[in-house]
Amino acid sequence: MEDRLHMDNGLVPQKIMSVRLQDSTLKEVKDQASNKQAQILEPRPEPSLEIKPEQDGMEHVGRDDPKALGEEPKQRRGSASGSEPAGDSDRGGGPIEHYHLHLSSCHECLELENSTIESVKFASAENIPDLPYDYSSSLESVADETSPEREGRRVNLTGKAPNILLYVGSDSQEALGRFHEVRSVLADCVDIDSYVLYHLLEDSALRDPWTDNCLLLVIATRESIPEDLYQKFMAYLSQGGKVLGLSSSFTFGGFQVTSKGALRKTVQNLVFSKADQSEVKLSVLSSGCRYQEGPVRLSPGGLQGHLENDDKDRMIVHVPFGTHGGEAVLCQVHLELPPSSDIVQTPEDFNLLKSSNFRRYEVLREILTTLGLSCDMKQVPALTPLYLLSAAEEIRDPLMQWLGKHVDSEGEIKSSQLSLRFVSSYVSEVEITPSCIPVVTNMEAFSSENFNLEIYRQNLQTKQLGKVILFAEVTPTTMRLLDGLMFQTPQEMGLIAIAARQTQGKGRGGNAWLSPVGCALSTLLISIPLRSQLGQRIPFVQHLMSVAVVEAVRSIPKYQDINLRVKWPNDIYYSDLMKIGGVLVNSTLMGETFHILIGCGFNVTNSNPTICINDLVTEYNKQHKAELKPLRADYLIARVVTVLEKLIEEFQDKGPNSVLPLYYRYWVHSGQQVHLGSADGPKVSIVGLDDSGFLQVHQEGGEVVTVHPDGNSFDMLRNLILPKRR
């Protein structure tokens, strides 16, 4: 309906339900529709009077007739399936007349709205369960109007959950591993709440009636496909089916899969043409095969992909089949395999594939969308309550005493953007909004798969920082959670907000920060005296936090060679190739004290959308035949806070020179050259940081000068400018 269905007060429609009306009401609505049709056919110069529906029938249905909202809908579920055809009395007498569904822009619907709103109002008040999709056989006539010949899409007449079936070859452990690989990448592309991904076994493919209820068949096996199964797949295509071939021997229509040994298990440059004829260039892992041209013409404007070599080997083809909209996209590059796959042979190949990982998903989503699937962003998860936790038992009682003195009469602490309501327990009926979040103070009620309090406690070795935790499974952004507390809580409480997932993550310069599960997300509160070494050099706070993240990982025994680095001013990188995390600092000076919120997010277990720390660990193990264990977000957050407190202490005691050697050891800019002003500006060499934390560069004339970013939100190393001198 293209978002054109509107309701008052900003309400969002969640479900459309049929509500049984009395015969008199049905007749009244039908008469009004007929009258409106006549008025549209014979317009008058003066506006017609609005027909006011009588409310008696509606009020009776909504308030006085228990069958209207209770027993009767249950009885009608059976008739909806077509097993018990409804009698004429159920239809309001005579045959049913079908009308088009109208939207908010339709004047007829606006006029009829008052005649139905009461029944919807009272139906919505009831706890009516979601009905399973169960279409009657009469829908076949409707399906004919949106047949594959017209729409180019399959129509699912059964109404069952739409299935994506994955065929990965004969039943073996290797095939099972391949199934999990393919399923994982597809689950990252489509909404798994909208589609069900099943393993299609050979016996089931030959025996079961899967073709009537399959939106997409994915074939991902190098094995030759048995003839009887091949014919089954072709029959599915002839009915309007959609097929995705991933490095498979499956082909048809005269296309041939030919081997080219020089390509096998090598990383190649692919040029992929999208449906709108735009191109995407990326590094891909070749299967060692290619497609030879056949007599069948490709779909007009169809997807295509070829290697950027002399032969322009064709690796992706989009092939139509039959007269019912059947089509297949066949690939001979490993779009289904992650860069960390065992068949990736060298670190150079790993780097190339990882740098193209985002574009690999872009190509996959384009293919899936072309084949009729929805790759829209998954629904934003519901917000969850906060839990007030303590990393040290001795701080618990003073914390609760402090809370008792600072909450208002409703148990809340309010800031300009957020109200925190402190409660002993949480019930699901309590609404959670971005501006009002309950905080559960009973630690015994806390349990989470994404945050282990005991692991955090064991690895937090601080005097003050990170001792009191506000944890949420899902929250808008951790930066906002401490707003109302940052000027009031005693320093020794060391507040930190931690989340498993953010829905409105913030980056530098108003950028959004993608915050999926697997990312270590936190905001730490620190206080710095104005008249101190760090208080006079506040920009260094972001540098200290960035290097704390890297040091927290690389100081773990045997993890010192994990190639994690810092990029000026506030990014954490894998080598100098890909961003793996970032830091955002908000500081407020009150009197003689800086109150500073340090927001930090870095990828620990989430390989997408770019790369994560455990990807680096896996790659290191593969290259060095090591057995380093994957790391956890809660473990690393505790280590980062511990390292940060030590770095702050050293800085306050001895100044910048006490921490700069560690910073330079991990930064990516050694010997790097940049342009001043623009891409055509003079080239200078980065030599270090000045006393305030800004970059220093060496000009051709021999002078070392400080440069500032120009304010762009993409890359702070681009278009650096010389500050004006007074």
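Because the structure is a prediction, the values reported are computed rather than measured.

Chemist: So what about unusual backbone geometry? Which residues, and what values?
Modeler: Cis geometry is adopted by the peptide bond preceding Pro569, which originates at Trp568 and carries an omega value of 0 degrees. Tracing the sequence through the fold places Pro569 in the loop between strand S19 (564-567) and strand S20 (571-574). A positive phi angle is found at Gln277, which is not glycine, with a value near 75 degrees. Tracing the chain through its elements places Gln277 in the loop between strand S6 (267-273) and strand S7 (279-285). Backbone geometry places Lys558, a non-glycine residue, at a positive phi of 80 degrees. Along the polypeptide, Lys558 turns up in the loop between helix H17 (540-554) and S19. Under the relative-accessibility criterion, Lys558 is labelled exposed at 62%.

Chemist: Tell me about the pattern of salt bridges, and please be specific about residues and values.
Modeler: Oppositely charged side chains can pair when the atoms bearing their charge come close. Taken as a whole and judged by the stated rule, the model has 20 salt bridges. In this structure, Lys274 engages Glu362 in a salt bridge whose closest nitrogen and oxygen atoms are separated by 3.2 Å. Residue Lys274 is found in the loop between S6 and S7, and its partner Glu362 is found in helix H13 (residues 357-370); the two are separated by 88 residues along the sequence. With its nearest N and O atoms 2.6 Å apart, the salt bridge here joins Asp634 to Arg632. Exposure remark for Arg632: the relative accessible area of 35% places this residue in the partly exposed category. Each member of the salt-bridge network shares a partner with another, and the members are Lys260, Arg290, Asp311 and Asp313.

Chemist: Tell me about the sheet that holds strand S23 (residues 673-675), and please be specific about residues and values.
Modeler: In a beta sheet, neighbouring strands pair by backbone hydrogen bonds and run either parallel or antiparallel. Pairing in this open sheet of four strands is antiparallel, and the strands run S23-S24-S25-S26 from one edge to the other. Looking at which strands have only one partner, the edges of the open sheet turn out to be S23 and strand S26 (704-707). On average, adjacent strands in this sheet sit at an angle of 50 degrees to one another, irrespective of strand direction. Where strand S25 (residues 695-698) lies against S26, four bridges are found, and the strand directions are antiparallel. Bridge pairing in S26 places His698 opposite Val704.

Conventions used here
Residues numbered from 1 in each chain as written. Predicted model: local features only at pLDDT ≥ 70, side-chain atom pairs only at ≥ 80, totals over all residues. Heavy atoms only, no water. Helix = DSSP H or I, 4+ residues; strand = E, 2+ residues; numbered from the N terminus. Buried < 20%, exposed > 50% of the residue type's maximum accessible area, 1.4 Å probe, protein only. Salt bridge = Lys/Arg side-chain N within 4 Å of Asp/Glu carboxyl O. Pairing = 2+ DSSP bridges. Axes fitted to C-alpha atoms, helices over the stretch in contact; angles between N-to-C directions.

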